[in-house]
Amino acid sequence: MSTDLGGKRQLIDDMLEAYPAKAKKDRSKHYEVNNEELINCGKCAIKSNMKSRPGVMTVRGCAYAGSKGVVWGPIKDVVHISHGPVGCGQYSWGTRRNYSSGTLGVDNFTAMQITSDFQETDIVFGGDKKLEVMCREIKEMFPLAKGISIQTECPVGLIGDDIEAVAKKMSNELGIPIIPVRCEGFRGVSQSLGHHIANDAIRDFLMGKGELEECGPYDVNIIGDYNIGGDAWASRILLEEMGLRVIAQWSGDGTINELMIAHKSKLNLIHCHRSMNYMCTTLEREYGIPWMEYNFFGPTKTIQSLRAIADRFDDHIRANCEKVIAKYQVEMDAIIGKYRPRLEGKKVMLLIGGLRPRHTIGAYEDLGMEIVASGYEFGHKDDYERTFPELKDGTIIYDDPSAYELEELAQKLDIDLMGAGVKEKYVYHKMGIPFRQMHSWDYSGPYHGFDGFKIFARDMDMTVNSPVWNLMGTPDRKTVSV
Amino acid sequence: MRDKLDIVDFNTLFKSETYEQQRERKREFEAPCSPSQVTETLEYSQSQEYKDKNFSRSSLVVNPAKACQPLGAVMAALGFEKTLPFLHGSQGCAAYFRSHLSRHFKEPVPAVSSSMTEDGAVFGGLRNLVDGLENCMALYKPEMIAVSTTCMAEVIGDDLQAFIETARQEGVISRDIPVPYANTPSFSGSHITGYDAMLKSILSFLYNESKVKLSTEEDLTKLNVILGFEPYTGNFAEIKKILSAFGLEYTVLGDHSGNFDSPAAGEYSYYYGGTKLTDVPKAASATGTISLQKYAVKKTIEYIQGEWNQQIVSTYTPIGIGATDRLLQSIADLTGSEIPAELQEERGRVVDALTDSHSYLHGKRVALVGDPDLLLGLIGFCLEVGMEPVHIVCTNGDKEFLQEAEELLASSLYGEEATVHNGHDLWHMRSLLISNPVDLAIGSSHLKYAAKDANVPLIRIGFPIFDRHHMHRYSIIGYQGTLNILSLIVNTVLEQLDQNAPEYGFDLVR
């Protein structure tokens, strides 16, 4: 890769010329070009977790998306009320692919849209009465629900409803936990505050409330894995094979009981640091549970992580860990043997959410691919500090880039693969740039663990090397080669 | 190229014994319901008692078949040339509308937000709107910006007219750029109401702004066409084909078929097709307006009738032979032309197809879900081919729709068993499908859960269709659209026949 830092900075500055003065000044602070110093010290000046500029077509969502969509939604035995008008719940219904076992509508309520469907009268007179009735009706319709969460939408916070009082009253009446979550979309600057609010609600209403009959020396929690396409399952399997006992999975395929017994574990393993670090620090503070980050994308990082996890335990676990690695090594070598020659040197650009802009780098590198630009929709300073050391000199790192910026960069950097979300996907199809959705795994997955990497490698190859990209052009230009 | 590595997908992977065992181990920590509790509750949820309780819900809404107003406003905005939808309120709304429409059309959906946050709630969103207009003009260079509101701006009561005027006075947006706006609160109506509000606002704005009414002879003989909240890009092609066959000149008011079906040619340009802004004032002088939806464009029709003083023919989605006949006759009457021979011939071919397939359709009991206009079209189709609508669920209909649907059903023997459940949701539909089974369910992808629970094959027609590809690229209106729907339905029936056939009944010829 070129380490022409000046050239890269110039490219960014030229691109930002399109903005009006105020926005240009703001946007330029959200860029950095990686260099030796940043890689080594990990400190960076990039601005993050700040308001998006209006009108720029940010990729970001809102606090409700961070709470209902990300953290709470996957808890399968709880009915999640999208409290307010119909839209928010409708758009986030069944679209994230956070898999879970159970019978939908009976003991699993994940792919459902439960809404109070606010009308004008609810805005004028308040929605508290309606919310009370809803809680009773939920108990009638879904008798096996272990709890109810109230995920508030914008109007609720603006009209002064007291959902906390309703939750308390109805929890007493119905005998199940009812958790108010104040995740109105206007709070904060992105999904990120929604994660934090969601974590706080877990802390305030559920943490430490459960009992585990027998605790063991190898009890761990998986924190911040939402089981997209089965990610958490493909991760859990490795931990269990290593001899660890996973007592709670937060929150993919999770249950309210797992939220309540997690304080009994010996170690918290956190994958998505951004969305659930708050609970790790809380559990550390309140219960002295240590935590560590890990990365299960791609064999290199997975193996490093497995060893680092094993090192927190004893020789028995360490020996098991090596067995697990040896068992999968052959398969992984075969995958890399097949796909690396097909993907070597391909240039990748990423714009994703919580952990993937840095955690997937190793998986791409295992396939010989090169990250030329990466960044976060809603990262904070600590995310960026963790990112610079993972990337090479000269890589462009951005925060909350607009659609315009992404498209300009993709063209200027002449990339071979773009990884972002569904809002971006079809733009790149028009441009003839291979694209993978890196939130939903583009309806594939899992991508975590060894089982996941096989699918990851296959998917990247099918998209980068599909012959359909060669069909672009016009008939007279004869650009099509078969 | 052969894949020798045996890489299985998530469906196969997690069915393996290793993962089965993992699921069992996990249950130890889930405090799960016992299998018998689950079975009993599942059975209870299929009982009459449960259904009665389900239908007596007063506040809880489960799996509704409607979206919110500004989603429709975005679609309306994208029906006009080089127009950027601008959502005033929290930014998450814009992200949701863009994703939702992209998942259906498999196309990019440009739209920007004013990204209001807590301070906006206190001080109002004026600065957000002004800065937003300035930024989006600079980056995306639209020729029109269509502003609609999301909940936040509506609840705090932002004054859009004044805000936009301020933006103009501050010079961030030129006087030449039209900025129509619509109030589209999500706590009233649904996506179709929002479509209507934005369309009406764009038409009236462009009409009022045009200083000179340039009506040529040609304008006077033109026809206006409105398709409404139209999830089928194929329907635009179909109505254009019909009008061309008549030899008529026309203006589609709100043509989003370009934006929602643009070519992959190696570059992306944000704006594709759409009604020309300069055509709108001229459209006010047209012979008349044909609208292929009526409930989705009520206010717009009122406006055209009142302000433009035009003759209007508005129909629910013209699906089926009868509805298409009436549409063609209306066009002929309105323009004083004859129904072209080629359409008459097309009619004959489609009727021929219907006769070929009638024995697989006759007496088939169906459940229908959709927006009001689509439902009326589908009911009409069912009745004319001998299919029997049984359960009809509409989440976003009004009283007028209910009355029209009931009258339509009452007009045919085949409608005798039908009940229209207006203002209901898909959890109601689940109870209906289980308690009183039907042969086929017709509706959007969201109906797949209830259809699965009741073991009824689902035919995807409507919005949104997330889990099948390209269906929206084919028409469902006119004679050709009727043929498309026919073949979708009859082939689903035939597929079911094969799937359920015993050895001897696995017929080669059907």
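Residues numbered from 1 in each chain as written. Chains lettered and ligands numbered in written order. Predicted model: local features only at pLDDT ≥ 70, side-chain atom pairs only at ≥ 80, totals over all residues.

In the annotation of an unreviewed UniProt entry, chain B is listed under the name Nitrogenase molybdenum-iron protein beta chain and assigned to Paenibacillus anaericanus. Checking UniProt for chain B, the heading Catalytic activity (unreviewed entry) contains the comment "N2 + 8 reduced [2Fe-2S]-[ferredoxin] + 16 ATP + 16 H2O = H2 + 8 oxidized [2Fe-2S]-[ferredoxin] + 2 NH4(+) + 16 ADP + 16 phosphate + 6 H(+)". For the record of chain B, the UniProt heading Subunit (unreviewed entry) holds the text "Tetramer of two alpha and two beta chains. Forms complex with the iron protein (nitrogenase component 2)." (UniProt positions renumbered as here; feature names shortened; annotations may be inferred.)

Within an unreviewed UniProt entry, the label attached to chain A reads Nitrogenase protein alpha chain, and the organism entered is Paenibacillus anaericanus. Taken verbatim from the UniProt record of chain A, the Function (unreviewed entry) comment is "This molybdenum-iron protein is part of the nitrogenase complex that catalyzes the key enzymatic reactions in nitrogen fixation." Turning to chain A, the UniProt record has this under Catalytic activity (unreviewed entry): "N2 + 8 reduced [2Fe-2S]-[ferredoxin] + 16 ATP + 16 H2O = H2 + 8 oxidized [2Fe-2S]-[ferredoxin] + 2 NH4(+) + 16 ADP + 16 phosphate + 6 H(+)".

(A) Looking closely at the overall build of chain A. The helix and strand inventory of chain A stands at 21 helices and 14 strands. Here chain A has a C-alpha radius of gyration of 23 Å; the compact-globule value for 482 residues is 23 Å, and the two agree. Across its three principal axes, chain A shows a C-alpha extent of roughly 70 × 60 × 45 Å. Counting all 482 residues of chain A, 62% fall into the buried class. (Helix = DSSP H or I, 4+ residues; strand = E, 2+ residues; numbered from the N terminus. Rg over C-alpha atoms; globule rule 2.2 N^0.38 Å. Buried ≥ 20, exposed ≤ 12 C-beta atoms within 10 Å, placed from the backbone.)

(B) Spatial organisation of the interface of chain B and chain A. Counting residues at the interface gives 78 residues for chain B and 94 residues for chain A. Alignment of strand β3 (residues 114–115) of chain A against strand β1 (residues 61–62) of chain B, held across 2 bridges, turns out to be antiparallel. Within β1(B), the residue paired with A:I114 across the bridge is B:V62. (Contact = placed C-beta atoms within 7 Å. Pairing = 2+ DSSP bridges.)

(C) The UniProt feature "domain: Nitrogenase/oxidoreductase component" (unreviewed entry) in chain A, seen in detail. UniProt's feature table lists "domain: Nitrogenase/oxidoreductase component" (unreviewed entry) at residues 62–464 of chain A, given in the numbering used throughout. Annotated as residues 62–464 of chain A, this span is 48% helix and 15% strand, and its ends, taken at the C-alpha atoms, are 32 Å apart.

(D) Expanded view of the domain arrangement of chain A. Residue and element names in this part refer to chain A. Taken as a whole, chain A is organised into domain 1 (5–56 + 332–469), domain 2 (63–188) and domain 3 (219–322). Using C-alpha coordinates to define each centre, domain 1 is positioned 26 Å away from domain 3. If you look at the interface, domain 1 gives 22 residues, while domain 3 gives 22 residues. Counting only elements with at least two residues in the side of domain 1 that touches domain 3, the list comes to α17 (361–366) and α21 (449–464). When residues of the side of domain 1 that touches domain 3 are assigned to their parent elements, the largest contribution, 5 residues, is made by α21. Split by residue class, the side of domain 1 that touches domain 3 holds 8 nonpolar, 11 polar and 3 charged. (Domains from an automatic or database assignment. Nonpolar A, V, L, I, M, F, W, Y, C, P; charged D, E, K, R; others polar.)

(E) Region of interest: the UniProt feature "domain: Nitrogenase molybdenum-iron protein beta chain N-terminal" (unreviewed entry) in chain B. UniProt marks residues 6–54 of chain B with the feature "domain: Nitrogenase molybdenum-iron protein beta chain N-terminal" (unreviewed entry), using the numbering shown here. In residues 6–54 of chain B, helix accounts for 65% and strand for 0%; the two terminal C-alpha atoms are 46 Å from one another.

(F) Layout of the domain arrangement of chain B. All names here are of chain B. Parsing chain B into structural domains produces domain 1 (69–209), domain 2 (217–341) and domain 3 (353–504). Contact with domain 1, which involves 7 residues of that partner, is made by 8 residues of domain 3. Broken down by element, the residue count for the side of domain 1 that touches domain 3 peaks at 4 residues, all from helix α6 (residues 91–105). Considered class by class, the residues forming the side of domain 1 that touches domain 3 number 2 nonpolar, 3 polar and 2 charged.

(G) Region of the structure containing helix α11 (residues 231–241) of chain A. Among the 11 residues that make up α11(A), 9 are buried, leaving the element largely enclosed by the rest of the structure. Where α11(A) is concerned, the buried positions are A:D231, A:A232, A:W233, A:A234, A:S235, A:R236, A:I237, A:L238 and A:L239. Tucked into the core, α11(A) has its buried residues touching β6 (219–225), β7 (245–251), α14 (299–310), α15 (315–343) and α21 of chain A together with α2 (17–27) of chain B. Following α11(A) by one or two positions, A:G243 has its phi on the positive side, about 105°.

(H) Structural view of unusual backbone geometry. Cis geometry is found at the peptide bond from A:G445 to A:P446, where omega equals -5°. The peptide bond linking B:F463 to B:P464 adopts the cis configuration, its omega dihedral lying at -5°. You can see B:P464 is positioned in the loop between β14 (458–460) and α22 (478–500). Phi is positive for A:D400, close to 45°, though the residue is something other than glycine. Mapping A:D400 onto the fold places it in the loop between β12 (396–399) and α19 (403–412). For A:Y443, which is not a glycine, the phi torsion comes out positive at approximately 65°. With 12 C-beta atoms packed within 10 Å, A:Y443 lands in the exposed category.

(I) Seen up close, the sheet that holds strand β8 (residues 267–270) of chain A. All names here are of chain A. Ordered by their spatial adjacency, 4 strands build an open sheet running β7-β6-β8-β9, and the pairing between neighbours is parallel. The open sheet is flanked by β7 and β9 (291–293), the only strands paired with a single partner. Direction aside, the axes of adjacent strands within the sheet are offset by 25° on average. The sheet contact formed by β8 and β9 spans 3 bridges and is parallel. The residue of β9 that forms the bridge with N268 is W291. (Axes fitted to C-alpha atoms, helices over the stretch in contact; angles between N-to-C directions.)

(J) Region of the structure containing the pairing of strand β13 (residues 440–443) of chain B. All names here are of chain B. Here β13 shows no split at all, with L440 and I442 on one side and A441 and G443 on the other all buried. For strand β10 (residues 365–369) and β13, the ladder comprises 3 bridges, and the chain directions are parallel. Note on β13: the bridge partner recorded for L368 is I442. Of the strand pairs in this sheet, β13 and β14 are connected by 3 bridges, and their pairing is parallel. Bridge pairing links A441 to L458 in β14. Following the chain from β13 across helix α21 (residues 448–453) to the adjacent parallel β14, one finds a crossover that is right-handed. (Right-handed = clockwise from strand over helix to strand, strands pointing away.)

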